[in-house]
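Per-entry structural report
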Amino acid sequence: MSAAKNVLVVTGKGRFCYLNAWEPRAKEGSDKKVYSVTFVFPKSDAETFKNVTNAIQEAYEAGGEVLRGNGKNVPAIDQIKSPLRDGDEERPDDEIFAGSWFINATSMYAPGVVDKDLNVIVDKDQLYSGCYGRVQISFYAYNRQGNRGIACGLRHLQKLEDGENLGGATSAIEAFKNV
């Protein structure tokens, strides 16, 4: 079976949730450690939606051999797992996901991390769940243990602005500034 083609996309502005950009962590139900982010972007961002759906379609078309596996036919695109999810349908009780699409992206390799001026971010406190930015992600077909779909790989993160920390953490300065 040949390797699936990676289709790259740079998104518009969205929010980083469940961000794990500094140390790989084990995925739920697995010992495999990965870097990851749930990237949430507004449904009003038609350009990012178009670019993502086009990339998913391109990865599907390029990954036919992978998706077919040992079967006779490639399953229809609506019969496989998609990385693009509807926040209103899948997370109706979470205001962060209201009116938004989201994508879970992972990588075995640390993503590149830059700020809005393309300066490398090395201070781990500067990038956190809740800040806003863009991602470069890749889409590719997979077929593992009976599960077939289009996966999303995390390549790079660009922080554009601060937001409320979704992890509830504060800095030491915030903790002691009024004491």
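These figures come from a predicted structure and were not determined experimentally.

1. Focus: the pattern of salt bridges
Using the criterion set out here, one finds six salt bridges in the structure. The shortest N-O distance in the salt bridge between aspartate 86 and lysine 43 comes to 2.8 Å. Note that aspartate 86 is positioned in strand β4 (residues 84-86) and lysine 43 in the loop between β3 (33-42) and α1 (46-62), a separation of 43 residues in sequence. Across the pair lysine 159 and aspartate 162 runs a salt bridge, and its minimum N-O distance is 2.6 Å. Here the residues in one salt-bridge network are Lys43, Asp86 and Asp88, joined through shared partners.

2. Quick look at the packing of aromatic side chains
For the coordinates displayed, the defined rule picks out four aromatic pairs. Through successive ring pairs, a cluster of aromatic residues spans Phe16, Phe39 and Phe41. Over the face of the ring belonging to tyrosine 132 we find lysine 13, whose NZ or CZ atom lies 5.4 Å from the ring centre.

3. Brief notes about the nonpolar core
Within the largest apolar cluster, 33 residues are counted, with the highest numbers of intra-cluster contacts made by Phe16, Ile103, Leu127, Ile137, Phe139, Ile150 and Leu157. Of all the secondary structure elements, the ones that give two or more residues to this core are β1 (7-10), β2 (14-26), β3, α1, α2 (64-68), β5 (100-107), β7 (132-144) and β8 (147-161). The element contributing the most residues to this core is α1, with five residues. Within the second largest apolar cluster, five residues are counted, among which are Cys17, Ile96, Phe97 and Phe102.

Cut-off values and rules
- Residues numbered from 1 in each chain as written.
- Predicted model: local features only at pLDDT ≥ 70, side-chain atom pairs only at ≥ 80, totals over all residues.
- Heavy atoms only, no water.
- Salt bridge = Lys/Arg side-chain N within 4 Å of Asp/Glu carboxyl O.
- Helix = DSSP H or I, 4+ residues; strand = E, 2+ residues; numbered from the N terminus.
- Phe/Tyr/Trp six-rings, centres within 6.5 Å; stacked < 30°, edge-to-face > 60°.
- Lys NZ or Arg CZ within 6 Å of the ring centre and 35° of its normal.
- Core = buried A, V, L, I, M, F, W, Y, C linked by side-chain atoms within 4.5 Å.
- Buried < 20%, exposed > 50% of the residue type's maximum accessible area, 1.4 Å probe, protein only.

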